[in-house]
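# Reading the structure
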Amino acid sequence: MTRNRARKQAVRAAMADSSSYARASRIAKDTPYILTEDAQRQMLAAFAAAGWPTVSDGFPEGGQWSGYPGPLWSTLSRPDQHPWDADPDDGDQVDLAVLPEFTFIAPQIVRTREAMVHRVQATTPPADLVAEVSAELAAARAREIAGLDDRAACVICGDPYPAHHLLAPTVSDKLTVCPACVFDGDLFAQVHPTRLAVALDRLLAEDLAHPAGWSAVVALLACAGGQAFFEHLGQAAGLYLPAEHWSDPSLLWIWLPPGPRPAALAGLGPGAGLKAVVDAVEHAHPDLRERFRVALAEDLEDDPDEPEADREDYLVEALWPAVIAYAVALGTQSQERPGHRPPWHVLSDSFEPGTLADHFEELGSDLDGGGLAVTFTLEVGVRTVAEALGWTTGF
Ligand SMILES: [Zn+2]
């Protein structure tokens, strides 16, 4: 469906002008009925206002609108419409008095069964709709996670996970790891971030119970790889088309802690887009970069008498959103997997410069993955942000 969605969007972008003209000419002005076009726009705007990344098809197809708010697939149509494939706002063909209805489905791409199917009348006030759907999504994810069976183990750290939640970051099928161990130095095989990215897109879109930490790995690869990696992904993997977050990491969905939460994240729902998460964390803690520099100076045992301006600044700004993604997503994963070791051991030499260098080179990154600045930014940055959020990492 990812492929279909991208293809549809390309076609629709080309058709948008003529299509909206055709629609406008058919829809009566000042209609007393609920128009699906308005309801769809208001629904997406309400989710966007709540910090959710939203992607939308530009007009209805087969009698219904599709949308992609966060990790959901939404449809909007008039129940039992005849003819079924007519534009649901075309009063010449369909009964506009029939109230339209949303259906929210997770996971976004259904291979086996839905984890959530929730219907909401289009007359529901948008803010209420977001609250209702958020609660359903959180409950569905909690149900799915509770049903997991951890029968496999990460080859690096040994932590138990369901086998399909461990992914291969190298050319070897046997070396499957947890989100904390992707950049570990003990993976003695050729790195393969393209293959990992394809597997990540699939897991995130098809499995509502995926470990929250995988979003952090996407954030790091996307921030480091930038447009070069996005274009490479588009060409490198057959019929697969990469998800939007590879070209714009701010659209990446980040799961947030379901239980007690840092105040910085209190205003957000079960998850949010990376941009909304970064904004919320930085708004609550505007001194994070300063804390990072102080923490690193202490680690490096810098001479306190040396003027700060004379010290080398190791902060790699391009990776800062990924730093916040790691802290938040691993904090979420710690809560969502009680009884398991929290994944903070990522801070114990799991950002290995040689492995990062290999990945960044494959990504086509401008950044020096093997440089100390990248490892310092990740290790000290993630620890600093996690501690600012009130979480004890132990490292
Ligand atoms: Zn591991």
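Residues numbered from 1 in each chain as written. Predicted model: local features only at pLDDT ≥ 70, side-chain atom pairs only at ≥ 80, totals over all residues.

This brings us to the environment of Asp-95. Within the element layout of this structure, Asp-95 appears in the loop between β3 (73-77) and β4 (101-106). By C-beta crowding, Asp-95 is classed as exposed, having 11 other C-beta atoms within 10 Å. (Helix = DSSP H or I, 4+ residues; strand = E, 2+ residues; numbered from the N terminus. Buried ≥ 20, exposed ≤ 12 C-beta atoms within 10 Å, placed from the backbone.)

Let's shift gears to the sheet that holds strand β5 (residues 116-121). Strand order in the open sheet formed by five strands is β1-β2-β3-β4-β5, with antiparallel pairing between adjacent strands. In this open sheet, the two edge strands, each paired with only one partner strand, are β1 (54-56) and β5. Averaged over neighbouring strand pairs, the angle between their axes works out to 20 degrees when direction is ignored. The pairing of β1 with strand β2 (residues 65-69) spans three bridges and is antiparallel. Bridge pairing in β2 links Thr-54 to Pro-69. Lying on the sheet, helix α2 (residues 36-49) is in contact with β1, β2, β3 and β4; it crosses β2 at an angle near 5 degrees. Here helix α3 (residues 126-146) sits on the sheet in contact with β4 and β5, set at roughly 165 degrees to β5. (Pairing = 2+ DSSP bridges. Axes fitted to C-alpha atoms, helices over the stretch in contact; angles between N-to-C directions. Contact = placed C-beta atoms within 7 Å.)

Let's shift gears to the environment of Ser-250. Relative to the helices and strands, Ser-250 is located in the loop between α5 (214-236) and β8 (253-255). When the 17 C-beta atoms within 10 Å are taken as the criterion, Ser-250 is described as partly exposed. Along the primary structure Ser-250 and Ala-219 are separated by 31 residues, whereas in three dimensions their C-alpha atoms are 8.8 Å apart. If we skip the residues at most four places from it in the chain, Ser-250 touches Gly-273, Leu-274 and Lys-275.

Bringing unusual backbone geometry into the picture now. Of the consecutive residues His-82 and Pro-83, the connecting peptide bond is found in the cis state with omega at -10 degrees. Position of Pro-83 among the secondary structure elements: in the loop between β3 and β4. Look at the link from Ala-106 to Pro-107: it is a cis peptide, with omega at 0 degrees. Mapped onto the fold, Pro-107 is located in the loop between β4 and β5. Non-glycine residue Asp-349 carries a positive phi angle of around 65 degrees. Its place among the elements puts Asp-349 in the loop between α8 (320-336) and α9 (353-363).

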